[in-house]
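Observations on the three-dimensional arrangement
Take a look at the letters that make up each chain.
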Amino acid sequence: MTAIEQIIQNIDSGKSFVLEAGAGSGKTYTLIQTLNYLIENKGEDLKYNHQKIICITYTNVAKNEIIERLENHPLVLVSTIHEFLWECIKSYEKQLKIELCKLNEVRYKIDIDLGIESRYIQNLLERLDGIDSVVYNDTAFRDFESGQLHHDDVIVLSKMMFQTYPLLTNILSQKFPYLLIDEYQDTAPETINALVDSLLDNNKDKITLGFYGDSHQKIYNNGVGDLTKYYINSDTQKLHIVKKEENYRSSKAVVNLLNNFRTNIEQQAQTELQGSVKFVYCEYRPIKTRINRNNREVEDESRTAYNREIDLQKNVNFDKVVNILKTEKNWVFDQLDNKKNDKILVLVNSAVAKRNGFSSLYRIYSRRYTRRVGDELNKRKNALIQYFVGYTDKKTSQERETGVEHLIKFWKDSNYNEVLRFLKRNSLLFTDGHLEHKHKKIITDILNNLVTIRETKSVKEVMEFVESRKLIPKSDAVQKFIDQVNSDFDKLEDGPEKIRLANNKTFYDSLMELPYNEIISFFQFTQNHTVFSTKHGTKGEEYRNVLTVIDDKDWVNEAEGYNFEGFFDDTDPNIERKLRTRNLFYVECSRAKENLVVLALSPMGELALNNVKKWFGNDNVIKINSL
Ligand SMILES: Nc1ncnc2c1ncn2[C@@H]1O[C@H](COP(=O)(O)OP(=O)(O)OP(=O)(O)O)[C@@H](O)[C@H]1O
């Protein structure tokens, strides 16, 4: 039976299900097929009972694609998770206030127990009495005292509401008897819990849930990742597993490789194209050692000097491989024509930053965050950097298009609707929310000006311009950061807090002096508009040929990072990191339609290489010197 046939069988017998579908299997297509089936076969009933089908997606792009493909069908509500959950809970004002107080109390206690100054409030209930209702809008700051929620709070509060008020879930299941969720692996565990353990548990006969996704493509830390616990045990299962094992994207060689390190799905390539996979590894001279007086072997040279030499060697190796691919294999790495490009997938490191024109930004980050630099940059965690380039929502993996550069992108693309939406949401230009004719001229002048000054001025000058024109005010977090670095922290007692503030000040001062051009380059990089791609943005994308570059050095010591050698040889003791690395590797390799080359710049031990040989085939694992 095909996946869609199994899904239909589940739907017809009222069973909730998970579609586990590997890379390139056409998940969205199956989701659309399901929706069409429901419209055609259950549509009349739904209409009669004033019910709707809910389809939850993660990005506005996916949302729009589905709406378009269903030709805006009135029976289907396509929604992001926040929109949906907020719609579910927002009218229960009394209950919301109670739950908000509970949440506030829990978070307040955590802060107090940790001995840190809490942003939460004692005795919130009394203060909430004075406000009309709890509110949430997409860009609101958290301000519990005035009943204002941040979007993370919506996720947590809805879980609490679903748990505490079964009646709420009964009402929802009456209104929405079918609920389909795209990219389940990136859904917050709290949301899965609300949907499966409350909504479904309380209303088994009334609602069917369908989860679509791929456990091996979870690359964001906050997603649930995998729903196995809900279907593994047939006695207690709440969901039924359906597998989709076709791969419509990749060549036989690539699919074969994916199957070699994936255990829960065995994909079938749907093309006759053979393609190829190669793994290139590098060896470096060992660090010099000597025997000391105590007869112990110790390092005989400075590790910094050694690392510097190896870094240079890595650059040479990288250039060598790229050159061979270009000249001998006809791969196309053309910075200007992104569409036709073959792609280099690489996590940000100093060499990547240099090649993409943001090496000074990288240096400033390295000084502040030392070993966490890659992670900090990749995730755009710092509030100051977010002001310029936005960020990826950690709960939903959605790009938050809130940065100066997003606004400029909309403007340059002549996407005026988005420009206006952005300004209405973020700027102080429209104090009364109305756009008048006079505003259009003002906006045009400001934005044209901004486009130009960005090219030549410093970060500080751009920030001042943006602020003075009331385009985007500083967020609370940015203001707090600036206030702190400008405070008189010299008077503080010596200790970690003083050091932290001093480091922040250096970071802030150097960032402000930076040519803004570096921010532009960094933004292009985060949006995959270079031949390089941040791996966090590659899901759903595909390229003819892919070069994936691995360099453990920048990541291996971080609990939050990646450890490729430890994944290849199965020795990484940190299970979460091992899964994260496996998923990243899976997502990267599965982007290739024809040919894949993996270049391991950091050294790989014998055990790792032996496993790699099992996956890639002996002849496809090549030492760089033999190229
Ligand atoms: N039924 C089909 N027949 C032919 N081609 C298909 C079919 N379904 C999908 N494709 C093609 O296969 C490729 C992969 O599809 P798609 O990107 O939808 O898969 P996916 O499951 O979302 O992949 P991933 O999760 O890896 O991003 C696309 O080029 C798509 O056009």
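Calculation rules
Within every chain, residues take consecutive numbers counted from 1 along the sequence as written. Owing to the predicted nature of the model, reporting of local features is limited to residues with pLDDT of at least 70; listing and counting of side-chain atom pairs is limited to 80 or more, with chain, interface and lining totals taken over all residues. Derived side-chain values reflect all non-hydrogen atoms in the structure, with water molecules and hydrogen atoms excluded from consideration. Put simply, DSSP marks the helices as runs of H or I at least four residues long and the strands as runs of E at least two long, and each gets a number from the N terminus on. A 1.4 Å probe rolled over the protein chains alone gives each residue an accessible area, and that area as a share of the maximum for its type sets the label: buried under 20%, exposed over 50%, partly exposed in between. Stacked, edge-to-face and tilted are the three classes for Phe, Tyr and Trp ring pairs, Trp counted by its six-membered ring, which pair at centre distances within 6.5 Å; planes under 30 degrees apart are stacked, over 60 edge-to-face, the rest tilted. Whether a charge sits over a ring depends on NZ of Lys or CZ of Arg being within 6 Å of the ring centre and within 35 degrees of the ring normal. Distances are taken per atom, and a residue is near a molecule or strand as soon as one of its heavy atoms is within 4 Å of it. Polar contact is defined as a pair of N or O atoms within 3.5 Å, subject to the rule that within protein one atom must be able to donate a hydrogen and the other to accept it, and that residues adjacent in sequence are counted only when both atoms are side-chain atoms. All accessible-area figures derive from a Shrake-Rupley calculation using a 1.4 Å probe, and residue coverage is judged against the displayed protein chains alone. Here the term charged refers only to Asp, Glu, Lys and Arg, the term nonpolar to Ala, Val, Leu, Ile, Met, Phe, Trp, Tyr, Cys and Pro, and the term polar to all other amino acids, Gly among them. The angle between two axes is taken between their N-to-C directions and runs from 0 to 180 degrees, where each axis is a line fitted to C-alpha atoms and a helix contributes only its stretch in contact. With respect to orientation, any angle under 35 degrees is reported as roughly parallel, any angle over 145 as roughly antiparallel, any angle of 65 to 115 as roughly perpendicular, and every other angle as oblique. By the definition used in this description, the sense in which the near helix is turned from the far one sets the handedness, with an anticlockwise turn below a right angle giving left-handed and a clockwise turn giving right-handed. We call two residues in contact when some of their heavy atoms are within 4.5 Å. Salt bridges, as used here, are contacts in which a Lys or Arg side-chain nitrogen is within 4 Å of a carboxyl oxygen on Asp or Glu. UniProt positions are given in the numbering used here, feature names are shortened, and annotations may be inferred rather than shown by experiment. Any two strands with at least two DSSP-identified bridges between them are counted as paired. Candidates for patches are residues over 30% relative accessible area with no salt bridge; among them, like charges are joined within 9 Å and nonpolar side chains (Val, Leu, Ile, Met, Phe, Trp, Tyr) within 5 Å. Place the viewer so that the strands point away; then a crossover is right-handed whenever the path from the first strand over the helix to the second strand goes clockwise. Each residue carries a pLDDT score, the predictor's own confidence in it, on a scale running from 0 to 100.

Even without being glycine, Ser 414 reaches a positive phi, approximately 55°. Along the polypeptide, Ser 414 turns up in the loop between helix H16 (404-412) and helix H17 (416-426). By relative accessible area, which is 43% here, Ser 414 ends up partly exposed. The residue Lys 470 is not glycine, and still its phi comes out positive at about 60°.

In this section: the packing of aromatic side chains. As enumerated under the stated definition, the model contains 29 aromatic pairs in all. Residues Phe 567 and Phe 568 carry aromatic rings whose centres are separated by 5.6 Å and whose planes lie at 40° to one another, so their mutual orientation is tilted. As far as burial versus exposure is concerned, Phe 567 and Phe 568 are alike and both buried. Between Phe 568 and Trp 615 the ring centres are 5.9 Å apart and the planes differ by 75°, which places this aromatic pair in the edge-to-face class. Here Trp 615 lies in helix H25 (residues 606-616) and Phe 568 lies in helix H23 (residues 564-568), a separation of 47 residues in the sequence. Here Phe 568 matches Trp 615 in class, with each residue buried. Chaining the aromatic ring pairs together yields one cluster made of Phe 261, Phe 279, Tyr 562, Phe 564, Phe 567, Phe 568, Phe 585, Tyr 586, Trp 615 and Phe 616. For Arg 368, the ring lying beneath its charged end belongs to Tyr 369, and the centroid distance is 4.9 Å.

Before going further, it helps to spend a moment on the site of the ligand. In the vicinity of the ligand, the contacting residues are Gly 22, Ala 23, Gly 24, Ser 25, Gly 26, Lys 27, Gln 217, Tyr 248, Arg 249, Gly 540, Glu 542 and Arg 591. Here Lys 27 contributes a side-chain N or O atom positioned 2.7 Å from an oxygen atom of the ligand. Within the side chain of Arg 591, one N or O atom sits 3.0 Å away from an oxygen atom of the ligand. When the ligand sits alone it has 630 Å² of accessible area, and the protein chains cover 66% of it. Partitioned by chemical class, the residues of the shell around the ligand number two nonpolar, six polar and four charged.

What follows deals with the packing of helix H4 (residues 81-89) against helix H7 (residues 151-164). Between H4 and H7, whose axes approach to 9 Å, the crossing angle comes to 45°. Judged by the angle between their axes, H4 and H7 are oblique. Considering how the two elements wind past one another, H4 and H7 form a crossing that is left-handed. Touching Ile 81, His 82, Leu 85, Trp 86, Cys 88 and Ile 89 of H4 are His 151, Val 154, Ile 155, Leu 157, Ser 158, Met 161 and Phe 162, all from H7. Of the residues belonging to the contact of H4 with H7, the class tally is ten nonpolar, three polar and no charged.

Inspection of every chain in the model, using the stated rule, returns 37 salt bridges. For Arg 69, the salt bridge is made with Glu 65, and the minimal N-O distance between the two is 2.4 Å. With Arg 69 and Glu 65 both in helix H3 (residues 60-69), this residue pair falls four residues apart, about one helical turn.

Let us look at the packing of helix H10 (residues 252-261) against H25. Between H10 and H25, the shortest axis-to-axis distance is 8 Å and the interhelical angle comes to 130°. Viewed along their axes, H10 and H25 adopt a mutual orientation that is oblique. The residues of H25 that touch H10, namely those facing Leu 257, Asn 260 and Phe 261, are Lys 614, Trp 615 and Phe 616. Grouping the constituent residues of the contact of H10 with H25 by class yields four nonpolar, one polar and one charged.

Let's shift gears to the UniProt feature "binding site: ATP" (unreviewed entry) in the protein chain. Within this numbering scheme, the UniProt entry marks Ala 21, Gly 22, Ala 23, Gly 24, Ser 25, Gly 26, Lys 27 and Thr 28 as carrying the feature "binding site: ATP" (unreviewed entry). Its location among the elements puts Gly 22 in the loop between strand S1 (17-21) and helix H2 (27-48). Residues in contact with Gly 22, not counting those within four places in the same chain, are Lys 27, Asp 214, Gln 217, Lys 244, Arg 262, Ile 265, Gln 267 and Tyr 586. Setting aside anything within four residues of it in sequence, one finds Ala 23 in contact with Asp 214, Gln 217, Asn 247, Arg 249, Gln 267, Tyr 586, Ser 590 and Arg 591.

Before going further, it helps to spend a moment on the sheet that holds strand S5 (residues 208-213). On the basis of which strands lie adjacent, the open sheet formed by six strands has the order S3-S2-S4-S5-S1-S6 and parallel pairing. Of all strands in the sheet, those bounded by a partner on one side alone are strand S3 (76-80) and strand S6 (240-244). If you compare each strand with its neighbour and ignore which way they point, the axes differ by 20° on average. Contacting S1, strand S4 (178-181), S5 and S6, helix H1 (residues 3-12) runs over the sheet at an angle of about 160° to S6. Of the strands in this sheet, S4 and S5 touch helix H9 (residues 189-202), which is tilted by about 155° from S5.

The next point concerns a nonpolar patch on the surface. Taken together, the side chains of Val 106, Ile 110, Leu 114 and Ile 116 make up a nonpolar region of the molecular surface, amounting to roughly 380 Å² of accessible area. Inspection of the secondary structure assignment puts Leu 114 in helix H5 (residues 93-114). A residue is classified by how much of its surface remains accessible, and Leu 114, at 60% relative accessible area, is exposed.

Let's shift gears to the pairing of S4. Successive side chains on a regular strand alternate, one facing one side of the sheet and the next facing the other. Residues Tyr 178 and Leu 180 point to one face of S4 and Leu 179 and Ile 181 to the other, with burial holding for every one of them. Sheet topology note: the strand S2 (residues 53-57)/S4 ladder contains four bridges and is parallel. The residue bridging Ile 53 from the neighbouring strand is Tyr 178, located in S4. Pairing geometry for S4 and S5, over four bridges, is parallel. Each bridged residue has a counterpart across the sheet, and for Leu 180 the counterpart in S5 is Gly 210. With H9 bridging S4 and the parallel S5, this β-α-β connection has right-handed handedness.

So, about the environment of Pro 573. Here Pro 573 shows up in the loop between H23 and helix H24 (575-589). On the basis of relative accessibility, which here comes to 72%, the residue Pro 573 falls in the exposed class. Each C-alpha atom, one on Pro 573 and one on Gly 357, is 36 Å from the other, the two residues being 216 residues apart in sequence.

Overall, the predicted model of the protein chain reaches an average pLDDT of 89, with 94% of residues at or above 70. Here the complex is predicted with pTM 0.85, and the ipTM for its interfaces comes to 0.95.

Right, let's talk about the sheet that holds strand S9 (residues 276-281) for a bit. In a beta sheet, neighbouring strands are held together by backbone hydrogen bonds and run either parallel or antiparallel to one another. One open sheet holds the six strands; their spatial order is S15-S12-S16-S17-S9-S18, and the pairing between them is parallel. Either end of the sheet is taken by a strand with one partner, and the two such strands are strand S15 (532-533) and strand S18 (621-623). When strand S12 (residues 343-346) meets S15, the two strands line up parallel, connected through two bridges. Within S15, the residue paired with Ile 344 across the bridge is Phe 532. H24 rests against S12, strand S16 (543-550) and strand S17 (592-600) of the sheet, and its axis sits at about 135° to S17.

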